[in-house]
Amino acid sequence: MQLQIRLLGTMELCVDGQVVTPGAAKRRAVLAGLAMEANHVVSLPRLAEMVWPEAPPTSAVANLRTHAAALRRVLGDRLVARPNAYELRLAPGELDVAEFQRLIGEGRALAAVQAADAIATLSAALACWHGPSGDGLPRGTALDNRWTTLDEQRLQVFEELAEARLAAGQHGHVLPELRGHLAAHPLRERAWGQLMLALYRCGDAPAALTVFRHARTVLHEQLGIEPGEELVGLHRAMLDRAPELAYTPVSAPPVTAPPVPARSAPGWTVPRELPATPATFVGRTRETSEILAALGDAAPAAVVVAGAAGSGKTALVVRAAHTVAGNFPDGQVFVDLGYETAMTPGEVLARVLRALGVAPADVPPNTDERAGWFRSLVARRRLLLVVDGVTRAAQVRQLLPAGPGPALIVVGQRHLSSLDGVRRVTLHPLDGVPAHDLLAAFAGPERLVADPAATAELARLCAGSVLALRIAGSRLAGSPAMPVAGLVRELRDGPDRLDLLAYEDLSVRASLAAGVAAVRSDDEVAGRLLELLATQPDHPAVLDRAATQLGVSTQRVRRALEGLVDAYLVHRAAAGRYTLPALVRDYAAEVALPPPPTRPVTKRRAHPPVAA
């Protein structure tokens, strides 16, 4: 029996690769307490302190034995009964907390020799996390100190990784992560110093000095203290333009010949197909951690990233894929299906096989043969496969890893719930500080500071769409004389909002059109529902009324609406009521408009020939 217990986030138990629900909260707490003391005997009184937030009830021992008996039916002989105690036996790698601690030790040992060498190991340590430790378990118990310690270690490891990346010259790439880290944890002096150093090495000394002033204000307002000696010393060195602050690349040993990619089988190539990492990226720290954690799973190492059109799914996935690319030396394949529902599983497999070096003439004509050849080629290889624009689970089902080695990231608007055993990461609308930071990255922070009310309204009009925010920021950057309030007026008052949310090759309308077309091709009723909702924006759809208007059954309308909810094209409101998100409503209203009337063509009468 193979177990996988995850406590660094929402608790999860996997038995032989299958997710198992342990039971009620207290039963999960019993399992968590035994796992935290894995391979050690835990007495019943000690276990009770881990389960009940206050004094345990008189029935505590009986309840613990009941919970243990239920867990033993799942865990088998891994859960051993002792006199007035229990012991949970776990093998190395079966508990994410232990794996996190192991990777911390290895990373720190590597950093002690050369900081840059620790990047991969410390990244793997952070990839163990997918949320706050012990999320969903009872609070106020004896485990609280353990969760607090682990959360603190996570922050320390993040900053140790930032230190290693700065040592490796990645000061430009680490900027957004540091900003997100400090937005969530503004009292971390070490991170303030790292952000200052990263900006300074990017050639932006004024911004670095501004960060120091901001850090000083935060520390004084929240703690009533001044920055420590290290941060003050860094500030002084920047004022003096101290030469030791500049980045000095670590000299590499001479290379006598260029490395040749290994080919461990005839016809195998090592693909490097990932698009360039987005230079401007803010927020999504939690979602990135969840993706990295999924890619570290034993089997299957697969994750579905879902979200509304324009939510930044592709940018997030590409960034995460680059982060772990070093862990997949056998290559990275990137396939964009473009939300084409007509793309068959066989065509997807053929595309992947060609990327792996199979000659087009050698690709088998049968889909099953293609799937078998793919599994044989990638077995135990460290290959990362990213498939974007997926509309149906069938398009990627044959690509799910059949064993350890390969990993798969699927990107689409739907959760693809029929894919078994994969993790799912959902992207919600970007708002608050991340939305402001994304606008600032394009338009410049000074423009936004000058009119914070208009900036907040601009972010609201973009409805949390990463694509809309990028376009709005780009429009402001392209029109330096335009105030933020001017763009807000055009977006709010103009009838052609989607025309304004298009810039060069970026278009909210085009993004929505692809998602809507995919849904329409699968469900004609869903397309008609979108038009119905767009023509009645002030009246949320009610099942019975919609069924009457469309001439179908209530059950049919419900299925179509739930499909639209899964594709992030409709919001579920109160019971039986559904509404359109703002930008989807604009697009659906355009689609629902009748075509302009065509003027009839009148034939001109031929003139009689002129007599000679």
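Preceding block: the structure.
Residues numbered from 1 in each chain as written. Predicted model: local features only at pLDDT ≥ 70, side-chain atom pairs only at ≥ 80, totals over all residues. Heavy atoms only, no water.

A. Seen up close, the sheet that holds strand β9 (residues 384-390). Strand order across the open sheet formed by five strands is β8-β9-β10-β7-β11, with parallel pairing between neighbours. Both edges of this open sheet fall to β8 (332-336) and β11 (423-427), since each of them pairs with a single strand only. Across the sheet, the axes of successive neighbouring strands diverge by a mean angle of 15°, strand direction being ignored. Pairing of strand β7 (residues 302-307) with β11 involves five bridges; the strand directions are parallel. Its bridge partner being in β11, A306 is matched across the sheet by T426. Strands β8 and β9 of the sheet are contacted by helix α13 (residues 345-355), whose axis makes an angle of about 145° with β8. (Pairing = 2+ DSSP bridges. Helix = DSSP H or I, 4+ residues; strand = E, 2+ residues; numbered from the N terminus. Axes fitted to C-alpha atoms, helices over the stretch in contact; angles between N-to-C directions. Contact = heavy atoms within 4.5 Å.)

B. Representation of helix α14 (residues 367-378) in the model. The end-to-end C-alpha distance of α14, which contains twelve residues, comes to 17 Å, matching closely the 16 Å that a straight helix rising 1.5 Å per residue would cover. Along α14, the residues classified as buried are R370, A371, F374, L377 and V378. Down the axis of α14, the buried side of the element spans an arc of 130°, and every buried residue falls inside it. Away from its buried face by more than 90 degrees, α14 exposes D368 and S376. Buried residues along α14 sit against α13 and β9. Phi for R380, located one or two positions after α14, is positive at around 65°. (Expected span 1.5 Å × (residues − 1). Buried < 20%, exposed > 50% of the residue type's maximum accessible area, 1.4 Å probe, protein only. Arc of directions from axis to C-beta.)

C. Quick peek at the pattern of salt bridges. One pass over the full model with this rule turns up 24 salt bridges. The closest approach of N and O atoms between R146 and E37, which form a salt bridge, is 3.1 Å. Within this pair, whereas R146 is found in helix α6 (residues 144-167), its partner E37 is found in the loop between α1 (25-36) and β4 (42-43), the two being separated by 109 residues in sequence. Using a relative accessible area of 22% as the deciding quantity, one classes E37 as partly exposed. For R509, the salt bridge identified is with D499, shortest N-O distance 2.8 Å. Highlighted residues: R509 in helix α22 (residues 508-522) and D499 in helix α21 (residues 497-500), separated in sequence by ten residues. Given a relative accessible area of 22%, R509 falls into the partly exposed group. Accessibility expressed as a relative area gives 39% for D499, which makes it partly exposed. Taken together, the shared-partner salt bridges in this structure form one network comprising E99, R102 and E106. (Salt bridge = Lys/Arg side-chain N within 4 Å of Asp/Glu carboxyl O.)

None of this, on its own, says anything about what the molecule does.
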